[in-house]
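Structural overview
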Amino acid sequence: MNPLMRVFIERGEWQFAAVKGATLIAAWAAMVWYCKVNRQFVRQACIFGSAAYLTIWSTWFVAGSIFH
């Protein structure tokens, strides 16, 4: 349901997993680096980002279940 990652999943599960893994590792590395500068911001960004991800994924899942 994610339009940004749809291209990769359509090309194959391994390519999707590689791209998804690379983006997660890059985000983790950026947070580790910036945590040394502003730990409170990184904590809040992780909480907000997790909540946003859960909300967006849940909305796409429910909308996909209802409208397809």
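Further up the page is the structure itself.
Residues numbered from 1 in each chain as written. Predicted model: local features only at pLDDT ≥ 70, side-chain atom pairs only at ≥ 80, totals over all residues. Heavy atoms only, no water.

**Side note on the overall build of the chain**
- Helices and strands together make up the secondary structure of the chain, namely 3 helices and 0 strands.
- In the chain, the order of α-helices and β-strands from amino to carboxyl end is α-α-α.
- Taking 11 Å as the expected radius of gyration for a compact globule of 68 residues, we find that the chain reaches 15 Å, considerably beyond that expectation.
- Projecting the C-alpha coordinates of the chain onto the three principal axes gives extents of approximately 45 × 25 × 10 Å. (Helix = DSSP H or I, 4+ residues; strand = E, 2+ residues; numbered from the N terminus. Rg over C-alpha atoms; globule rule 2.2 N^0.38 Å.)

**Concerning a nonpolar patch on the surface**
- Where nonpolar side chains cluster on the molecular surface, the patch consists of Tyr53, Trp57, Phe61, Val62, Ile66 and Phe67 and spans about 730 Å² of accessible area.
- Position of Val62 relative to the elements: it lies in helix H3 (residues 39-67).
- What makes Val62 partly exposed here is its relative accessible area of 46%. (Patch = residues over 30% accessible without salt bridge, like charges linked within 9 Å, V, L, I, M, F, W, Y side chains within 5 Å. Areas by Shrake-Rupley, 256 points an atom, 1.4 Å probe, with all protein chains shown as cover. Salt bridge = Lys/Arg side-chain N within 4 Å of Asp/Glu carboxyl O. Buried < 20%, exposed > 50% of the residue type's maximum accessible area, 1.4 Å probe, protein only.)

**Brief notes about the state of the cysteines**
- In this structure the tally under the stated criterion is 0 disulfides.
- Summary of cysteine pairing: Cys35 is not part of a disulfide, and the nearest cysteine sulfur, belonging to Cys46, is at 8.2 Å.
- Classification of Cys35 by relative accessible area gives partly exposed; the value is 21%. (Disulfide = S-S within 2.5 Å.)

**Section: the packing of helix H2 (residues 13-35) against H3**
- Two elements in contact, H2 and H3, have axes whose closest approach is 8 Å; the angle formed by their N-to-C orientations is 150°. One finds that H2 runs roughly antiparallel with respect to H3. Residues Lys20, Met31, Tyr34 and Cys35 of H2 pack against Arg39, Phe41, Val42, Cys46 and Tyr53 of H3.
- A per-class count over the contact of H2 with H3 returns 7 nonpolar, no polar and 2 charged. (Axes fitted to C-alpha atoms, helices over the stretch in contact; angles between N-to-C directions. Parallel < 35°, antiparallel > 145°, perpendicular 65-115°, else oblique. Contact = heavy atoms within 4.5 Å. Nonpolar A, V, L, I, M, F, W, Y, C, P; charged D, E, K, R; others polar.)

**Brief notes about the packing of aromatic side chains**
- Counted according to the given criterion, the structure contains 3 aromatic pairs.
- On the numbers, 6.0 Å between centres and 40° between planes, the contact of Trp33 with Tyr34 is tilted.
- The partly exposed category is assigned to Tyr34, whose relative accessible area is 29%.
- Judged by centre distance (5.3 Å) and plane angle (5°), the rings of Trp57 and Phe61 are stacked. Of the two residues, Trp57 and Phe61 both sit in helix H3, 4 residues apart, roughly one turn of that helix.
- With relative accessibility at 42%, the residue Phe61 sits in the partly exposed group.
- Three or more aromatic residues joined by ring pairs form one cluster here, namely Trp33, Tyr34 and Phe41. (Phe/Tyr/Trp six-rings, centres within 6.5 Å; stacked < 30°, edge-to-face > 60°.)

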